[in-house]
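One letter stands for each residue in the lines below.
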Amino acid sequence: WFYATPTTPADPQVLNAIGYGQGQQTFGGAFVQTKISPISALQITLSGRYDYWQNSDQINTLTKASTGLVTGGAIPTSSKTAFDPGLGIHYDVNDDWSFRGAAYKAFRAPGFNNITRSYGVGPTTVANPDLGPETMTGWEVGSDYRNDDVSLGATYFFYNIKNMIATYKISTAVGAPQQVLDLCSSSTTKPNLTNCGGSANYYTNDQNGESHGVELNGSWNVSHTLTLGAYFTYTNTYLTSEAHAITTPLNAQLVGVPKKMGSFDATWKPLDKLTIYGQMFYIGPMYIDETTTPGTYYGQGGNVVYNGSVSYALSDSLDLSASIVNAFDKKYSENTFAITQPWLRTLSMPRTYYVSATFKY
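One structure accompanies this document, and this report is about it.

Scoring rules and cut-offs
- Counting restarts for each chain: residues are numbered from 1 in the order of the written sequence.
- Given that this is a predicted model, residues contribute local features only at a pLDDT of at least 70 and side-chain atom pairs are listed and counted only at 80 or more, while totals for whole chains, interfaces and linings are drawn from all residues.
- The basis for the side-chain values is all heavy atoms of the structure; hydrogens and waters are excluded.
- A carboxyl oxygen of Asp or Glu within 4 Å of a side-chain nitrogen of Lys or Arg is what we treat as a salt bridge.
- Secondary structure elements follow DSSP: runs of H or I no shorter than four residues count as helices, runs of E no shorter than two count as strands, and numbering proceeds from the N terminus.
- The classification of residues rests on relative accessible area computed with a 1.4 Å probe and restricted to protein chains. Under 20% of the type maximum is buried, over 50% is exposed, and intermediate values are partly exposed.
- Disulfide: a pair of cysteine sulfur atoms within 2.5 Å of each other.
- The pairing test for Phe, Tyr and Trp rings, Trp by its six-membered ring, is centres within 6.5 Å, and the orientation test on the planes gives stacked under 30 degrees, edge-to-face over 60, and tilted for anything in between.
- Sitting over a ring, as applied to charges here, requires NZ of Lys or CZ of Arg to be within 6 Å of the ring centre and within 35 degrees of the ring normal.
- Should DSSP find at least two bridges between two strands, the strands are regarded as paired.
- All axes are obtained by fitting lines to C-alpha atoms, using only the stretch in contact for helices, and the reported angles, taken between N-to-C directions, cover 0 to 180 degrees.
- Patch rule: a residue counts if its relative accessible area is over 30% and it has no salt bridge; like charges are joined within 9 Å, and nonpolar side chains (Val, Leu, Ile, Met, Phe, Trp, Tyr) within 5 Å.
- To be clear on the numbers: accessible area is Shrake-Rupley with a 1.4 Å probe, and residue cover counts the displayed protein chains and nothing else.
- Here, the term nonpolar core denotes a set of buried Ala, Val, Leu, Ile, Met, Phe, Trp, Tyr and Cys residues that are joined through side-chain atoms within 4.5 Å.
- For this analysis, residues touch if any pair of their heavy atoms sits within 4.5 Å.

1. A look at the pattern of salt bridges
Point 1. Considering all chains together, one arrives at five salt bridges under this definition.
Point 2. Two residues, D144 and R100, come together in a salt bridge whose shortest N-O distance is 2.5 Å. Of this pair, D144 sits in strand 8 (residues 134-146) while R100 sits in strand 6 (residues 97-108), and the two are 44 residues apart along the sequence.
Point 3. The exposure class of D144 is buried, given its relative accessible area of 10%.

Take a look at the structure:
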């Protein structure tokens, strides 16, 4: 049920249109894997996956409340198959040190939320019943070092994504897809986006992208009672090509993905029955809106969040624990939103306490 956007808070809601969608999706797959070890230090993993995806019995319609006019209808059955191979290599230099690498392909089909369900106002997210799957090729290399006290790991990864399942913002009715106009326009003679609050998000496969970066992790057993851990990730993800209607800039960090993230934590067991844990979690600066003002990227700065917990084994059958998330009540965005529509912003979890008891019997 879609309602016209009120012009003032006192205006009543007016039913504008009724959307209907149905369909059946069929997924099938077969996977095979073998491991070869030509020498004791080397392990080679070969794999292959065959996927089959089909949309059938699909209907998408929109009924205008004022005229009863029905647009849309049955959609022809569509299907897609893909074969995705994979290769993994692991080599042990010695008992402590190893290298690894992998190359692979992947396949992701759109779900009902992408092809059937339109929702929201200001902007409305409009489903695309003609949406197809996206594909990815990727590779990674890394190395690990482990002994009784120290564990270290480093990985470099690279992903190339084709026909990305993503939304883009439509701010004008000129050149807008028919599914958007059917739902959002209050006039057939002068198409507009009034019924969707002046703009819409639309699912497409018209974007290609890349993502690459580094992952680092480590832990150190300082003593039999104290363990320190840390990780760091650097991710650079951006669009490499797009349709002419898409306004997301090319080769710019995508919104909602911070380039840098990291954590430092400590686990202390002063007593066999007592465990104390603390974490300092870092979320780097990230963009939240790149399309409202052409050439201007709106973002937020970095944030540090502190978490902690304590648990005590009161007996063999009863454990008591308490924890806190976001101890200093840091407020930051966890989603992207149009800077002109701050009511769409979702804030992080506030300071939250948990107290629990676990009884074993």
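2. Quick word on the state of the cysteines
Point 1. For the coordinates displayed, the defined rule picks out one disulfide.
Point 2. The disulfide bridge from C184 ends at C196, spanning 2.0 Å between sulfur atoms. The sign of the -80 degrees torsion about the S-S bond sets the C184-C196 disulfide as left-handed. With C184 in helix 2 (residues 178-184) and C196 in the loop between helix 2 and strand 11 (200-204), the pair connects residues that are 12 residues apart, well separated along the chain. You'll find C184 and C196 in the same group, each marked buried.

3. What to know about the packing of aromatic side chains
Point 1. Here the structure, examined in full by the defined rule, presents eight aromatic pairs.
Point 2. An angle of 45 degrees between the planes, with centres 5.5 Å apart, marks the rings of W139 and Y156 as tilted. Residue W139 is found in strand 8, and its partner Y156 is found in strand 9 (residues 150-162); the two are separated by 17 residues along the sequence.
Point 3. One aromatic cluster is present, formed by W139, Y156 and F158 through successive ring pairs.
Point 4. Over the face of the ring belonging to Y119 we find R117, whose NZ or CZ atom lies 4.2 Å from the ring centre.

4. Observations concerning unusual backbone geometry
Point 1. Unlike most non-glycine residues, N163 shows phi in positive territory, near 55 degrees.
Point 2. The residue N163 is located in the loop between strand 9 and strand 10 (166-170) in this model.
Point 3. The phi torsion at N251 lies on the positive side, around 60 degrees, for a residue other than glycine.
Point 4. Within the fold, N251 resides in the loop between strand 13 (226-242) and strand 14 (260-271).

5. Some points on the sheet that holds strand 7 (residues 124-126)
Point 1. Read across the open sheet, the three strands follow the order 7-11-10; overall the sheet is mixed. Looking at strand neighbours, the two that pair on one side only are strand 7 and strand 10, the edges of this open sheet. In this sheet, neighbouring strand axes are inclined to one another by 30 degrees on average, regardless of whether the strands run parallel or antiparallel.
Point 2. The pairing of strand 7 with strand 11 spans three bridges and is classified as parallel. Counted as the bridge partner of T125 is N201 from strand 11.

6. Comments concerning a nonpolar patch on the surface
Point 1. A contiguous nonpolar surface patch, about 620 Å² in accessible area, is contributed by I39, Y91, V93, W97, F99, Y145 and L152.
Point 2. Within the secondary structure layout, Y145 lies in strand 8.
Point 3. Looking at Y145, the relative accessible area reads 32%, which means it is partly exposed.

7. Details of the nonpolar core
Point 1. Counting residues in hydrophobic clusters, the biggest one holds 17 residues, and the most contacted among them are V126, I170, V180, L183, C184, L193 and Y202.
Point 2. Looking at this core, the elements that each hand over two or more residues are strand 10, helix 2 and strand 11.
Point 3. Per element, the largest residue contribution to this core is four residues, and it comes from helix 2.
Point 4. Ignoring anything within four residues of it in the chain, the contact list for C184 reads V126, N192, L193, T194, N195, C196 and A200.
Point 5. Membership of the second largest hydrophobic core comes to five residues, among which are M136, I161, M164 and L239.

8. Some details on the side chain of T116
Point 1. The residue T116 is located in the loop between helix 1 (112-115) and strand 7 in this model.
Point 2. For T116, a relative accessible area of 17% gives the class buried.
Point 3. Aside from chain neighbours lying at most four places away, what touches T116 is G21, Q22, Q58, N60 and A127.

9. Looking at the environment of G213
Point 1. Structurally, the position occupied by G213 is in strand 12 (residues 207-221).
Point 2. Note on G213: relative accessible area 3%, which makes it buried.
Point 3. Sequence-distant contacts of G213, defined by excluding residues within four places in its chain, comprise T155, Y156, F157, Y234 and T235.

10. Considering the pairing of strand 11
Point 1. Along strand 11, five of the five residues are buried, which leaves the element largely enclosed by surrounding structure.
Point 2. Where strand 10 lies against strand 11, five bridges are found, and the strand directions are antiparallel. Along strand 11, the bridge assignment pairs A166 with T204.

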